[in-house]
Amino acid sequence: MSDGRSGAGFGGESLLFLTDEQLRQGIEAMFFAYQGFTADPDRILADLAYGRAHHRALHFINRSPGTTVNNLLSILGVTKQSLNRVLRALVEDGLVDSRVGTLDKRERNLYLTERGVDLEQRLSDAQRVRMRAAYKQAGPEAVQGFKKVLEAMMDADMRRAYADLRERSQ
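Residues numbered from 1 in each chain as written. Predicted model: local features only at pLDDT ≥ 70, side-chain atom pairs only at ≥ 80, totals over all residues. Heavy atoms only, no water.

- Per an unreviewed UniProt entry, the protein chain goes by the name MarR family transcriptional regulator and belongs to Tritonibacter mobilis F1926.

This is the structure in structure tokens:
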């Protein structure tokens, strides 16, 4: 087994000694994997004149029905103006229901409508098919390692938001 200094790739080498070239290859793999991961939903979204921001909003509203606009802002890391444009389109098109908050009338709670749930399901199904096939091909140890790498790349605030979302969905 290589000591990881050979520059021969990033699979199987000692992870303590990754070279800059091996890290670049990992970065490139992430870019290409992300392109594949988003390709199927992008085709569905393009037919509706939506983009990835719409998809992310639908995903997180589906995962946390009743979430507030402020919570969605912090999860997505976008500007209020950008999120408002996305939400306005989703509400006008009958995919998201925006309700006045029950505890704080200044807040808006977001829910997917039946049409929104259907679209989110189509988008997520496309990604689940791709992820399931990749996970099956890579095997359980690689899946656990991949999850650890992704979590380690999150900054502390995102890791907390991710943990909160996972906790609420269990």
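After presenting the structure, the write-up continues.
What about the pattern of salt bridges?
Then, number 1: One pass over the full model with this rule turns up 10 salt bridges.
Then, number 2: A salt bridge links Arg-24 to Glu-21; the nearest nitrogen and oxygen atoms lie 3.3 Å apart. Highlighted residues: Arg-24 and Glu-21, both in helix 1 (residues 20–47), separated by three residues, approximately one helical turn.
Then, number 3: The closest approach of N and O atoms between Asp-97 and Arg-99, which form a salt bridge, is 2.7 Å. (Salt bridge = Lys/Arg side-chain N within 4 Å of Asp/Glu carboxyl O. Helix = DSSP H or I, 4+ residues; strand = E, 2+ residues; numbered from the N terminus.)

Focus on the sheet that holds strand 3 (residues 108–112)
Then, number 1: Spatial strand order, 1-3-2: three strands in an open sheet with antiparallel pairing. Sheet topology places strand 1 (67–68) and strand 2 (96–100) at the edges, where each strand pairs with a single neighbour.
Then, number 2: Across five bridges, strand 2 lies against strand 3 in antiparallel orientation. Each bridged residue has a counterpart across the sheet, and for Val-100 the counterpart in strand 3 is Arg-108. (Pairing = 2+ DSSP bridges.)

Some points on the packing of aromatic side chains
Then, number 1: By the definition in use, this model includes one aromatic pair.
Then, number 2: Where Tyr-135 meets Phe-146, the ring centres are 6.5 Å apart and the plane angle is 70°; that geometry is what we call edge-to-face. Here Tyr-135 is found in helix 5 (residues 114–138), whereas its partner Phe-146 is found in helix 6 (residues 140–153), with 11 residues between them in sequence.
Then, number 3: Residue classification places Tyr-135 among the partly exposed residues on the basis of a relative accessible area of 32%. (Phe/Tyr/Trp six-rings, centres within 6.5 Å; stacked < 30°, edge-to-face > 60°. Buried < 20%, exposed > 50% of the residue type's maximum accessible area, 1.4 Å probe, protein only.)

Examining unusual backbone geometry
Then, number 1: For Ala-49, which is not glycine, the phi torsion reads 60° and is therefore positive.
Then, number 2: Within the secondary structure, Ala-49 is located in the loop between helix 1 and helix 2 (52–63).

Thoughts on the domain arrangement of the protein chain
Then, number 1: Under the domain assignment, the protein chain is made up of domain 1 (33–138) and domain 2 (139–169).
Then, number 2: With 11 residues of domain 1 in contact, the opposing surface of domain 2 contributes eight residues.
Then, number 3: Both faces combined, the contact of domain 1 with domain 2 buries some 760 Å², and carbon together with sulfur accounts for 61% of it.
Then, number 4: When the area that domain 1 buries against domain 2 is broken down by residue, the three leading residues are Arg-63, Tyr-135 and Ala-138, summing to 57%.
Then, number 5: If you look at where domain 1 meets domain 2, you find zero salt bridges. (Domains from an automatic or database assignment. Contact = heavy atoms within 4.5 Å. Buried area = accessible area lost by both parts, 1.4 Å probe.)

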